[in-house]
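Residue-level listing of the chains:
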Amino acid sequence: MTPLRQRLIDDLRLRNYSPRTIQAYVAAVVKLTRHFRSAPEQLTPEQVRQFQLQLVAQRVSFSHLNQVTSGLRFFYAVTLGRPDVVHKIAYGKRPKKLPTILAPHEVTRLFDAATNDRDRTLLRTDYALGLRLSELVALRLEDIDAARGLVVVRQGKGAKDRLVPLSPRLLEELRAYWRRYRPRPWLFAGARPNCHLSIGGVHRVVRRVAQRAGLGKTISLHTLRHSFATHLLEAGCDLLTIQRLLGHKELKTTARYLHVSAQQLGRAPSLLDWVARPPSTPASPPEERP
């Protein structure tokens, strides 16, 4: 390992970045170095910009492009202390796409498509708690506080702990799951000893179950988290509470679920019903549904 790479890693560790983020940022600098076959500290701002344009030409995903951008901005701003390069490294514009949401009966259909108790419990746990994938696989038995009816989500995004309510129904299911599989210390153990289920393993489970369910939607584990938030909103839960349950830093991130809530959208007046009124009916603007 070169001294410069070690310095980058140390800078990230000092700021308490997660291991996955450290790995991604280091990979971004390595990619830049290999592209020009030159030490990154010797590159000009225009070369870094050309590297970004090359990524765009390769049609990499928005998330990957901005992850590389974040890594390079940190490297040049913090590790090298070169603000002249940082201002040339622009973020891409985030595409505004609505998340995929499952109706309650579709969630049940997805659960029923799981062929074994572990996969079913994995999916039901994620939906009941609204967890990110990394938070789900990192759950330990000690995080289940049955006495208080809570689950401790440790070191989620932003290295923050948070509490999520544990329903009596999920508690009973987790107890039945534990009696059958005896996992320890991880709730969802991986194939290797003392390792939790891998992220790739979860993706395979979701893909397999989604295909069997045949819902006609593109489904990932994050779809259950989106559905969790939307269903809470439709059940009358306020946005601030949902924000805390999801671990969002800003309320505007949570507010996007207002745009996909069937209940919220259903309050809009029906213009076709209004224009199709009998001719004798006095004209009046459509009223919002109660």
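Computed from a predicted structure; not experimentally measured.

Student: Residue-level account of the overall build of the protein chain, with values.
Tutor: Counting its regular elements, the protein chain contains 15 helices and three strands. Here the C-alpha atoms of the protein chain give a radius of gyration of 24 Å, more than 25% beyond the 19 Å that 2.2 N^0.38 yields for 290 residues. Here the C-alpha coordinates of the protein chain stretch approximately 75 × 60 × 35 Å along the principal axes. Counting every position in the protein chain, which comprises 290 residues, the buried fraction comes to 37%. Carbon and sulfur atoms provide 53% of the accessible area of the protein chain, an area that totals close to 17300 Å². For the protein chain, the centre of its 48 positive side-chain charges and the centre of its 23 negative side-chain charges are spaced 6 Å apart.

Student: Could you give me a rundown of the side chain of S227, with the residues and numbers involved?
Tutor: Counting through the fold element by element, S227 comes out in helix α11 (residues 221-234). According to the relative accessible area criterion, S227 is buried, its value standing at 0%. Among the polar contacts listed, one links the side chain of S227 to the backbone nitrogen of L102, at a separation of 3.0 Å. Apart from the residues lying within four places of it in its own chain, the contact partners of S227 are I101, L102 and Y127.

Student: Let's hear about the pattern of salt bridges: which residues, and what values?
Tutor: Under the defined criterion, the tally for this structure stands at 15 salt bridges. We note a salt bridge from E173 to R124, for which the minimum N-O separation is 2.8 Å. Separated by 49 residues along the polypeptide, E173 in helix α9 (residues 168-181) and R124 in helix α7 (residues 117-129) bring together distant segments of the chain. For R169, the salt bridge identified is with E173, shortest N-O distance 3.8 Å. Placement of the pair is R169 and E173 together in helix α9, with a separation of four residues, close to one helical turn. Residue R169 is classed as exposed on the basis of its relative accessible area, which comes to 61%. A cluster of three or more residues bridged by salt bridges with shared partners is formed by D117, R120 and R180.

Student: I'd like to hear about unusual backbone geometry, residue by residue, with values.
Tutor: The omega torsion across R184 and P185 is -5 degrees, close enough to zero to call that bond cis. Positive phi outside glycine occurs at N16, with the angle close to 60 degrees. In the Ramachandran plot, R59 falls in the positive-phi region, its phi being about 60 degrees despite a non-glycine side chain.

Rules used in this analysis
- Residues numbered from 1 in each chain as written.
- Predicted model: local features only at pLDDT ≥ 70, side-chain atom pairs only at ≥ 80, totals over all residues.
- Heavy atoms only, no water.
- Helix = DSSP H or I, 4+ residues; strand = E, 2+ residues; numbered from the N terminus.
- Rg over C-alpha atoms; globule rule 2.2 N^0.38 Å.
- Buried < 20%, exposed > 50% of the residue type's maximum accessible area, 1.4 Å probe, protein only.
- Areas by Shrake-Rupley, 256 points an atom, 1.4 Å probe, with all protein chains shown as cover.
- Lys, Arg positive; Asp, Glu negative; His and termini not counted.
- Charge placed at Lys NZ, Arg CZ, Asp CG, Glu CD.
- Polar contact = N/O pair within 3.5 Å; in protein donor to acceptor, adjacent residues only side chain to side chain.
- Contact = heavy atoms within 4.5 Å.
- Salt bridge = Lys/Arg side-chain N within 4 Å of Asp/Glu carboxyl O.

On their own, these measurements won't tell you what the molecule is for.
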